[in-house]
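Chain by chain, the residues run as shown.
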Amino acid sequence: KSQAFIACSREQSKQYQEWQEAASAGYAFLPYRYRVPIMIAAAMYGWTATKIYQDPFIIYTRKVKPSKVRVIATGIYIAIREGLLFNSRRVPTNA
């Protein structure tokens, strides 16, 4: 019974990763204002899916969610990587 749960949980995690990979191709079409928050949320859901994939029974012992520090650090990393944080070429929308 537990092996079936593990297999089902891991299959769902793999399916999520495939869908997320396909969805990430559309990030370029998102407005700058929404791109970083959506990418951060997707990264954190991916982190959660990875943790559950590693140990599916973890959901019975504790909440599986990233720490605030992880979320903020990921947000800063994504903003810098996407050139949205320190990009002087970007013109403000209300200018």
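Residues numbered from 1 in each chain as written. Predicted model: local features only at pLDDT ≥ 70, side-chain atom pairs only at ≥ 80, totals over all residues. Heavy atoms only, no water.

Engineer: I would appreciate a short explanation of the packing of aromatic side chains in the present structure.
Structural biologist: The geometry of an aromatic ring pair is captured by the separation of the ring centres together with the interplanar angle, meaning the angle of the planes. In the structure shown here, the tally under the stated rule is three aromatic pairs. An angle of 45° between the planes, with centres 5.1 Å apart, marks the rings of Phe5 and Phe57 as tilted. You can see Phe5 sitting in helix α1 (residues 2-23) and its partner Phe57 sitting in the loop between α2 (32-54) and α3 (68-81), a full 52 residues away along the chain. By relative accessible area, Phe57 is classed as partly exposed at 32%. On the basis of an interplanar angle of 40° and a centroid distance of 5.9 Å, the ring pair of Phe5 and Tyr60 is categorised as tilted. In this pair, Phe5 is assigned in helix α1 and Tyr60 in the loop between α2 and α3, connecting sequence segments 55 residues apart. When its relative accessible area of 27% is taken as the criterion, Phe5 is described as partly exposed. Taken together, Phe5, Phe57 and Tyr60 form an aromatic cluster joined through their ring pairs. Stacked on the ring of Tyr53, the Lys or Arg Arg10 has its end atom at 5.1 Å from the ring centre. (Phe/Tyr/Trp six-rings, centres within 6.5 Å; stacked < 30°, edge-to-face > 60°. Helix = DSSP H or I, 4+ residues; strand = E, 2+ residues; numbered from the N terminus. Buried < 20%, exposed > 50% of the residue type's maximum accessible area, 1.4 Å probe, protein only. Lys NZ or Arg CZ within 6 Å of the ring centre and 35° of its normal.)

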